[in-house]
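# Summary of the model geometry
Here are the chains, one letter per residue:
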Amino acid sequence: MFKNANKPQNRIDTLIGAGTTISGDINFSGGLRVDGEIKGNVRANGEDSTLVISEHARIEGEIAVAHVVINGTIIGPVFSSEFLELQTKARVTGDVEYSTIEMHLGAVVQGRLVHQGTAGKSVELKLASSN
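This report concerns the structure included in the present document. (Residues numbered from 1 in each chain as written. Predicted model: local features only at pLDDT ≥ 70, side-chain atom pairs only at ≥ 80, totals over all residues. Heavy atoms only, no water.)

## Comments concerning the overall build of the protein chain
To keep things clear, this is the line we draw: Runs of E in the DSSP output that reach at least two residues are strands. Runs of H or I that reach at least four are helices, and both are numbered from the N terminus. Throughout, exposure labels follow a simple rule: accessible area from a 1.4 Å probe, protein chains only, divided by the maximum for the residue type, with under 20% read as buried, over 50% as exposed, and the rest as partly exposed. We call two residues in contact whenever any of their non-hydrogen atoms come within 4.5 Å of each other. Where accessible areas are quoted, they stem from the Shrake-Rupley method and a 1.4 Å probe; at the residue level, only the protein chains shown are allowed to cover.
For the protein chain, the helix and strand inventory stands at zero helices and 17 strands. Within the protein chain, the proportion of its 131 residues that are buried is 42%. In the protein chain, 12% of the contacts between residues at least 6 apart in sequence involve partners at least 24 apart. Looking at the protein chain as shown, the accessible area adds up to about 6,800 Å², and 49% of this sits on carbon and sulfur atoms.

What follows is the structure, given as structure tokens:
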């Protein structure tokens, strides 16, 4: 596990494999990794849930998960209440709402980046460079 509570958990409970296409909404708890394609909304139950979207994955729909790591393609809005990481091959077409964000060189967002501020919480924006 990560020492920083704002980072996503590294436990994956469910895998949607490459070559798999799901049409419909998904509600999950724990960790979900997507290597395939989802046409529908993806929502997590609980503040400790993590969604990992791999380089070849594609989601067309709304995402609402506490911890999100994106390295694939998203078409739709993303709502991350805790931590959002946009890796090098991330492509998001839609608005992104976050509390803490880490954006790697090469990631693309075609939409608004909106910080979800809460009273007493400091704004944290991390820009990561790729080696």
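## Digging into the environment of threonine 50
Along the polypeptide, threonine 50 turns up in strand S7 (residues 50-53). Taking the relative accessible area as the measure of exposure, threonine 50 reaches 1% and is therefore buried. In the structure, threonine 50 is positioned 18 residues away from valine 68 in sequence and 5.8 Å away in space, judged by C-alpha atoms.

## Remarks on the environment of glutamine 87
By secondary structure assignment, the location of glutamine 87 is in the loop between strand S11 (78-86) and strand S12 (91-93). Residues glutamine 87 and histidine 104 lie 17 residues apart in sequence; the distance between their C-alpha atoms is 5.1 Å.

## Considering the environment of asparagine 71
One can find asparagine 71 in the loop between strand S9 (63-70) and strand S10 (73-75). For asparagine 71, a relative accessible area of 14% corresponds to the buried category. Remark: the alpha-carbon pair of asparagine 71 and leucine 86, spanning 15 residues in sequence, is separated by 6.4 Å. Apart from residues no more than four positions distant in its own chain, asparagine 71 is found in contact with Ile53, Ser54, Glu55, Gln87, Thr88, Lys89 and Ala90.

## Regarding the pairing of strand S14 (residues 100-104)
Applied cut-off: Paired strands, in this sense, are two strands between which DSSP finds at least two bridges.
With respect to burial, S14 is a largely interior element, five of its five residues being buried. Across the two faces of S14 the burial is the same, with Thr100, Glu102 and His104 and Ile101 and Met103 all buried. Direction of pairing for S11 relative to S14: parallel, over a ladder of four bridges. When the bridges of S14 are listed, phenylalanine 83 appears paired with threonine 100.

## Overview of the sheet that holds strand S2 (residues 21-23)
This is how the line gets drawn: Lines fitted to the C-alpha atoms define the axes, with helices restricted to the stretch that makes contact. Angles between their N-to-C directions range from 0 to 180 degrees.
The six strands lie next to each other as S2-S5-S8-S10-S12-S15, forming an open sheet whose pairing is parallel. The open sheet terminates on both sides in strands that have one partner only, identified here as S2 and strand S15 (108-110). Mean inter-strand twist for the sheet, computed between neighbouring axes without regard to direction, equals 5°. With three bridges connecting them, strand S5 (residues 37-39) and strand S8 (residues 58-60) associate as parallel partners. Bridge pairing links lysine 39 to glutamate 60 in S8.

## Here's the deal with the pattern of salt bridges
Formally: One speaks of a salt bridge when a side-chain nitrogen belonging to Lys or Arg is within 4 Å of a carboxyl oxygen belonging to Asp or Glu.
A complete count under the given rule lists seven salt bridges for this structure. A salt bridge links arginine 58 to glutamate 60, with the nearest nitrogen and oxygen atoms 3.0 Å apart. Assessed through its relative accessible area of 30%, arginine 58 is described here as partly exposed.

## Side note on the nonpolar core
What counts here: Take the buried residues of types Ala, Val, Leu, Ile, Met, Phe, Trp, Tyr and Cys, join any two whose side-chain atoms come within 4.5 Å, and each joined set is a nonpolar core.
By size, the foremost hydrophobic cluster in this structure holds 28 residues, and its most contacted members are Leu51, Ile53, Ile63, Ile70, Leu84 and Leu86. Mapped by element, the contributors of at least two residues to this core are strand S3 (26-28), strand S4 (31-34), strand S6 (42-44), S7, S9, S11, strand S13 (96-98) and S14. Sorting elements by how many residues they give to this core places S9 first, with four residues.

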